[in-house]
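Here is what each chain is made of, one letter per residue.
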Amino acid sequence: MTPQQRLNALLEFVSERGNVTIADIGEALDISPATARRDLTTLADQRLVTRTHGGAAALGAGYELPLQYKIARQAEAKTAIARATARLIQPGQTVGVNGGTTTTEVARELGKSDRFIRSDGENGITIVTNALNIAYELSVRSNVKIVVTGGVARRQSYELIGSLVEDALAEFALDVAVLGVDGLSAQYGATTLHEGEAAVSRYFTAVARKVIVVADATKLARSTFARICPLDRIDLLVTDQQVAPGFAAELQSAGVELVVAD
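Every chain begins its residue count from 1, and numbering advances along the sequence as written. Selection of residues for local features in this predicted model requires a pLDDT of at least 70, selection of side-chain atom pairs for listing and counting requires 80 or more, and totals for whole chains, interfaces and linings are taken over all residues. Excluding hydrogens and water, the side-chain figures rest on all heavy atoms present in the structure.

1. Some details on unusual backbone geometry
The backbone of D30 sits at a positive phi, close to 55°, despite the residue not being glycine. Summarising the element assignment, D30 is placed in the loop between helix 2 (22-29) and helix 3 (33-45). At Y158, a residue that is not glycine, the phi angle is positive and equals roughly 65°. Positionally, Y158 belongs in the loop between strand 7 (152-153) and strand 8 (160-161). To qualify as a helix, a DSSP run of H or I must reach at least 4 residues; to qualify as a strand, a run of E must reach at least 2; elements of each kind are numbered from the N terminus.

If you want it as structure tokens, here you go:
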């Protein structure tokens, strides 16, 4: 386990448990007390946890992990989802992409795919995003035209949010919107943790001809705080595992096509 992976695991452990001791951490992560204390100090210095006597506490219930600490979670599933999603996009299309670790993998896959490289040197695909990290990473790809919305940056996710995003997206007609979500259920549809990000994702759905939700199995048949859109507004779900029969029936009833990544 690399130091970054260890910090990822430690932050997630503290967030899930609420309060932990050095002994809890050592047992869960198989690390020494000295390493546990050092890693807790690193996270506390970044104001990601609060140090307590003999351990640490999460900052609050429902705390959202910063994007850089989510990258290693479900990594293989997300890359498989990204490959499957890229195959659904056609050269020349305009694709809206919101922020998140899974959509970042989709953007990377689109950026490096030979399918979107034109012999005349023109852009093979246009990507419209509110995610600063996606825009930065794809800005070096000569085959990709990057359009970045305005908005106010969220430090947790590197996403731009607010009315400026809506104003920008209102000027576009997207062939496809690729959305990362934190939950997907029949009752509440697509949901996320932050109301500002939910609003931005709704803006994407409003101007897209087709909506693709990309979500690993841990996000399915569950809901989170802020609603994005009902299930029947989604055209395709790309995930990494076969879904439970009951949820599969709910997807079919809502007209959602299910794609399971190889």
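2. Concerning the sheet that holds strand 11 (residues 189-192)
Pairing between sheet strands relies on hydrogen bonds along the backbone, with the strands arranged either parallel or antiparallel. A sheet is described by the order of its strands in space; here three strands give the open sequence 10-11-13, paired in antiparallel fashion. Edge positions in the sheet fall to strand 10 (183-185) and strand 13 (226-229), since each has one partner strand and no second. Shown here is a sheet whose adjacent strand axes are inclined to one another by a mean of 35°, direction ignored. In this description, strands pair whenever DSSP reports at least two bridges between them. Pairing between strand 10 and strand 11: three bridges, direction antiparallel. Angles run from 0 to 180 degrees between N-to-C directions of axes, and those axes are lines fitted to C-alpha atoms, restricted for helices to the stretch in contact.

3. Section: the environment of V95
Structurally, V95 can be placed in strand 4 (residues 94-97). Ignoring any residue separated from it by four or fewer positions in sequence, one finds V95 in contact with I89, I125, T126, I127, V128, V176 and V178. The contact rule is simple, with two residues in contact once any of their heavy atoms fall within 4.5 Å.

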